[in-house]
Amino acid sequence: MDNQKRVFTFGNGHAEGRADMRNLLGGKGANLAEMNLIGIPVPPGFTITTEVCNEYYEIGREKVIALLSDEINKSLRLIEENTGMKFGDPEKPLLLSVRSGARASMPGMMDTILNLGLNDEVVEGLARKTNNPRFAYDAYRRFVQMYGDVVLELKPASKEEIDPFEAIIDQVKKEKGVKLDNELETEDLKRLVTLFKAAIIEHTGKRFPDDPMEQLWGAICAVFGSWMNERAILYRKMEGIPQEWGTAVTVMAMVFGNMGANSATGVCFSRDAATGEDIFNGEWLVNAQGEDVVAGIRTPQQITLEGSRRWAELQGFSEEERREKFPSMEEAMPEIYKELDALQTKLENHYRDMQDMEFTVQEGKLWFLQTRNGKRTGAAMVKIAMDLLQQGMIDEKTAIKRCEPLKLDELLHPVFNKKSLQEAKELTRGLPASPGAACGQIVFFADEAVKWHKDGHKVILVRIETSPEDLAGMAEAEGILTARGGMTSHAAVVARGMGKCCVSGAGAINVDYKKRIVEIDGLILKEGDYISLNGTNGSVYKGKIATQAAELSGDFAALMDLCAKYTRLKVRTNADTPQDAEVARRFGAVGIGLCRTEHMFFDNEKIVAMREMILADDIEGRRKALNKLLPYQKEDFKAIFKTMDGCPVNVRLLDPPLHEFVPHDKKGQAIMAEEMGVTPEYIKQRVDSLYEHNPMLGLRGCRLGNTYPEITQMQTRAILTAACELKKEGFDPHPEIMVPLIGILYEFEAQEKVIRQEAAAIFAEQGVEVEFKIGTMIEIPRAALTSNRIATRAEYFSFGTNDLTQMTFGYSRDDIATFLPIYLEKKILKVDPFQVLDRAGVGQLIQMSVEKGRSVRPSLKCGICGEHGGEPSSVHFCHEVGLDYVSCSPFRVPIARLAAAQAAVEE
Ligand code: PEP
Ligand code: MG
């Protein structure tokens, strides 16, 4: 036997683990240990490490059980000592919960089993000891149900069917003539246990185990097994969580929230997870077990009085109704509420972050079952970080680090247009579970959401309630609407994590999965009908509502200002229209890092002249066509320079292969022939002559300008004439002219000569000079390798990491989809190198190029303009190798700004 410690115990104010051991104990295990250490009441238990999860997959179930056996037995004895109970003993029945807990929180993705340790004898003992047979049998039927589902895997036969256990419960309730679970009596619950066990044998061929130790091993292994279930794998993929991390398993003494009127259970947050407001909030249920709150079977009540009043208003209940039927915990259990409030504050102060907590009250005693840094929306993330900073709980650098760059994206999403909203028909209201505006076509099943989305539809997933199986569909939907479930329901928590609009618990909607309809107040909506959701106030509307750009909050601006204070790396944008430039400037871009001029040629008149130029037989024909293009280009540049007045605008000369501009189909060629006054055959022959085997390695980039210098002349003329005219009008343009796809110094020199000659002519004509720079893109490995030569002439470098990645790996950027999924699955590649910059190869070339370039030109400005410029880890790299700026698409500018600041503060 080896000496490795695989099990860490906690209880009664002692713990073998700590908060900073989350890699080994998972978030839940580490925090349960920590809570013990800081005096929060937690039932005793133990955590099996995440390393054991990997062992489970390497050596298999039996060997893992053998390895764990001694430690688990000892740890069980410790729980027995701490509680004075005994596992499997009917006289002193100790029941356990078995829960998963990975390093990063994966809410609801893996399995949990409660009330473990019950069998026909122990349940009788529990009934005697608690003097509460109904409670004992309710716990037993829940256990058999959970064990049957999770360990013995009895699942519904099809997606339209309800859970087989729920079907049995419905049947028994019907026979009894009652509506709610808690109206069932002891004898009914006993019957449920018998029916459940029979259903398990009938459908799975497996027997429910009576031996508590066998139950325990079954549950532990099922939790390890759930690490590799489909939804957990999908969730990890979405969140970038590595498979090797594994899950820990925490086994803890049960405490019961369903022991009567002075017992309860709930979930609470130290701040609002949707908006970030500093308001303690949460939901609870009296006489219930934890899963009742999140599963949405009963309507959960609000913990605070204020929250309860807000909720009642949204739901349309009078104050009397609210107080009578749905009182807050603050009113119903004032003493325990006070303790809960004090402890949640203690936890938030301890972790210095918003906490998401689970608790249970057993016969008047409060226990915490979990705490973690709460998942939150992008807006809440920013607000909480800035509030904690203001409250002196964290410092500026921590505030910057607390925000996840990619989550900023959510704040930039559109909201409903106010005018359209006034005209829209509100159908009903649910809970504002996750903010934002969404409209789309109704679908009722997760797999349909995926399918419809793939076919190009925008969909709203409408469910009675969601479960972890619905994850893929939720990810593809614009928004989620549920009939049941509160602010802490599965739908709400997951949607907030995804930054997706969600309205939950809209009680007035009746979903019929079989007919694929939803009825709202007499109105029937079918699959495919449009609805709109406002996740910020819970409204549900008929039809489509127009959206508009979001207004950014003061906290967002404050965070961006904070970023600016620490950042070294500047952020520019890739933009080729004044509209995009305008958006980027609003988000704080300090220049344009790449203006792709080819995008300007696709307008109607421009494309005709462009095609004329491409298909011309000789230089005269090309010049004629270029002269038609010149005024258009000049006006386009003027508009962009104006928008970016005072900031550098880096304009790239024509780059793509020319065949991209001409029609390849018969119909298109016929239209073009008519426009140009030639025969379709002529067009076809000219188009065919442009054919290349490898166009991305063919006549493109500076090879175009070197083959047809008149194109470079025209573009230089357009850029610099625009700048001169603006200067005369009092503007302050800063043009930069960039030569693409250089591999050899002479390619650059030849283009530079053309540009300088043209510039001299323009300045003479205009009677004014504008300062400008001539630089190059570094996107061919040879250019990176010979940067000390290229920098003798080029005034700046911009790394085109799309092409540089293509040519370093030898992967066609247009064809990588043919093998990328297989490479990722086989782990030949960890990530798509076109998304995340490859530091080892492409990164090395960049670093070398910067060093070599600056060795001959110390002032050489270096930036990046490939897609990587807006990807946080790539931005980090750019900071590390001393680039001056990154350039990315306008909506990525805030993301890059935050990532750049994080790189600086983490240095
Ligand atoms: C690049 O190659 O990274 C680049 C920015 O240019 P394009 O994507 O236009 O080829
Ligand atoms: Mg390129």
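Residues numbered from 1 in each chain as written. Chains lettered and ligands numbered in written order. Predicted model: local features only at pLDDT ≥ 70, side-chain atom pairs only at ≥ 80, totals over all residues. Heavy atoms only, no water.

Spanning 19 residues, helix α7 (residues 186–204) covers 27 Å between terminal C-alpha atoms, matching the ideal 27 Å at 1.5 Å per step. When we look at burial in α7, the residues that qualify are Thr186, Asp188, Leu189, Leu192, Val193, Phe196, Lys197, Ala199 and Ile200. Just beyond α7, the residue with positive phi is Gly205, at close to 75 degrees. (Helix = DSSP H or I, 4+ residues; strand = E, 2+ residues; numbered from the N terminus. Expected span 1.5 Å × (residues − 1). Buried < 20%, exposed > 50% of the residue type's maximum accessible area, 1.4 Å probe, protein only.)

Look at helix α6 (residues 164–176): 19 Å from first C-alpha to last across 13 residues, which is about the 18 Å you get at 1.5 Å a residue. N-cap assignment for α6: the residue whose side-chain oxygen lies 3.0 Å from the backbone N of Phe165 is Asp163. At the C-terminal side of α6, Gly177 shows a positive phi close to 75 degrees. (Polar contact = N/O pair within 3.5 Å; in protein donor to acceptor, adjacent residues only side chain to side chain.)

Below, the discussion takes up the sheet that holds strand β15 (residues 426–429). Strand pairing in a sheet is mediated by backbone hydrogen bonds. Such pairs are either parallel or antiparallel. In spatial order, the strands read β15-β25-β24-β17-β18-β19-β20-β16; together these eight strands make up an open sheet with mixed pairing. Pairing within the sheet leaves two strands with one partner each, and these edge strands are β15 and β16 (431–434). For this sheet the average axis-to-axis angle between neighbouring strands, irrespective of direction, equals 30 degrees. Of the strand pairs in this sheet, β16 and strand β20 (residues 501–504) are connected by three bridges, and their pairing is antiparallel. Counterpart to Pro432 in the pairing with β20 is Val503. Against the sheet, helix α20 (residues 490–498) makes contact with β16, β19 (479–482) and β20, and its axis sits at roughly 45 degrees relative to β16, the strand it touches most. (Pairing = 2+ DSSP bridges. Axes fitted to C-alpha atoms, helices over the stretch in contact; angles between N-to-C directions. Contact = heavy atoms within 4.5 Å.)

What follows concerns the nonpolar core. Residues Phe799, Ile846 and Leu883 are the most contacted members of the largest nonpolar core, which totals 118 residues. Looking at this core, the element that brings in the most residues is helix α28 (residues 709–728), giving nine residues. Formed jointly, this core draws a minimum of three residues from each of two domains, domain 2 (264–376) and domain 4 (567–596 + 629–654 + 705–906). For Leu883, the contacting residues outside a window of four places in its chain are Arg568, Leu569, Phe799, Ile846, Val850, Arg854, Cys862, Gly863, Ile864 and Cys878. (Core = buried A, V, L, I, M, F, W, Y, C linked by side-chain atoms within 4.5 Å. Domains from an automatic or database assignment.)

This paragraph deals with the UniProt feature "domain: PEP-utilising enzyme mobile" (unreviewed entry) in the protein chain. Taken from the UniProt record, the annotation "domain: PEP-utilising enzyme mobile" (unreviewed entry) applies to residues 458–538. Between the C-alpha atoms that bound residues 458–538 the distance is 20 Å, and the span itself is 19% helix and 37% strand. (UniProt positions renumbered as here; feature names shortened; annotations may be inferred.)

Glancing now at the coordination of the magnesium ion (ligand 2). Angles at a metal have ideal values that depend on geometry: 109.5 degrees with four tetrahedral donors, 90 or 180 degrees with six octahedral donors. Distances from the magnesium ion (ligand 2) to its protein donors, Glu779 (OE) and Asp803 (OD), fall within 2.0 to 2.2 Å. Residue Glu779 is found in the loop between β31 (773–778) and α30 (781–785), and its partner Asp803 is found in helix α32 (residues 801–809); the two are separated by 24 residues along the sequence. Across the pair, exposure class does not vary: Glu779 and Asp803 are buried alike. (Donors = N, O, S within 2.8 Å, 3.2 Å for Na, K, Ca; no water.)

Inspection of the region around ligand 1 gives 14 residues, with Arg596, Arg652, Gly800, Asn802 and Arg813 positioned closest. Contact between ligand 1 and Arg596: an oxygen atom at 2.8 Å from a side-chain N or O atom of the residue. Gly800 is positioned with one of its backbone polar atoms (N or O) 3.3 Å from an oxygen atom of ligand 1. Contact with the protein chains covers 95% of the free accessible surface of ligand 1, which is 290 Å². When residues of the shell around ligand 1 are traced back to their parent elements, those giving at least two are β28 (592–596) and α32. Of the residues belonging to the shell around ligand 1, the class tally is three nonpolar, four polar and seven charged. (Near = heavy atom within 4 Å. Areas by Shrake-Rupley, 256 points an atom, 1.4 Å probe, with all protein chains shown as cover. Nonpolar A, V, L, I, M, F, W, Y, C, P; charged D, E, K, R; others polar.)

Turning to the domain arrangement of the protein chain, a few remarks are in order. For the protein chain, the domain assignment lists domain 1 (7–253), domain 2 (264–376), domain 3 (414–548) and domain 4 (567–596 + 629–654 + 705–906). Across the interface of domain 1 and domain 3, roughly 1000 Å² is buried in total on both sides, 68% from carbon and sulfur atoms. Of all residues in domain 1, Lys159, Glu160 and Arg231 give up the largest surface area on contact with domain 3, accounting jointly for 50% of the area buried on that side. Where domain 1 touches domain 3, the interface holds zero salt bridges. At the junction of domain 1 and domain 3, the tally comes to zero residue pairs in polar contact (both at pLDDT 80 or more). Per-class residue counts for the side of domain 1 that touches domain 3 are five nonpolar, one polar and three charged. (Buried area = accessible area lost by both parts, 1.4 Å probe. Salt bridge = Lys/Arg side-chain N within 4 Å of Asp/Glu carboxyl O.)

Bringing the UniProt feature "active site" (unreviewed entry) in the protein chain into the picture now. Under the present numbering, the feature "active site" (unreviewed entry) in UniProt falls on His490 and Cys865. These annotated residues cover 376 residues of sequence, and their C-alpha atoms reach 39.9 Å apart at the extremes, leaving them scattered rather than at a single site. Here His490 lies in helix α20. Among the secondary structure elements, Cys865 is positioned in the loop between β33 (861–864) and α35 (872–880).

Okay, unusual backbone geometry next. Although it is not a glycine, Asn12 adopts a positive phi angle of roughly 55 degrees. Examined against the element boundaries, Asn12 turns out to sit in the loop between β1 (7–11) and β2 (14–15). Of the residues examined, Asn12 reaches a relative accessible area of 57% and is grouped as exposed. Phi at Glu153 is positive, roughly 60 degrees, even though this residue is not glycine. With respect to the secondary-structure elements, Glu153 resides in the loop between α5 (133–150) and α6.

In space, the six strands of this open sheet follow the order β2-β1-β3-β8-β6-β7, with antiparallel pairing throughout. Either end of the sheet is taken by a strand with one partner, and the two such strands are β2 and β7 (112–116). Sheet analysis places β1 next to β2, joined by two bridges and oriented antiparallel. By the bridge assignment, Phe10 is partnered in β2 with Ala15. The strands touched by helix α1 (residues 22–37) are β1, β2, β3 (45–48), β6 (96–102) and β8 (247–253); relative to β6, the strand with the most contacts, the crossing angle is about 120 degrees.

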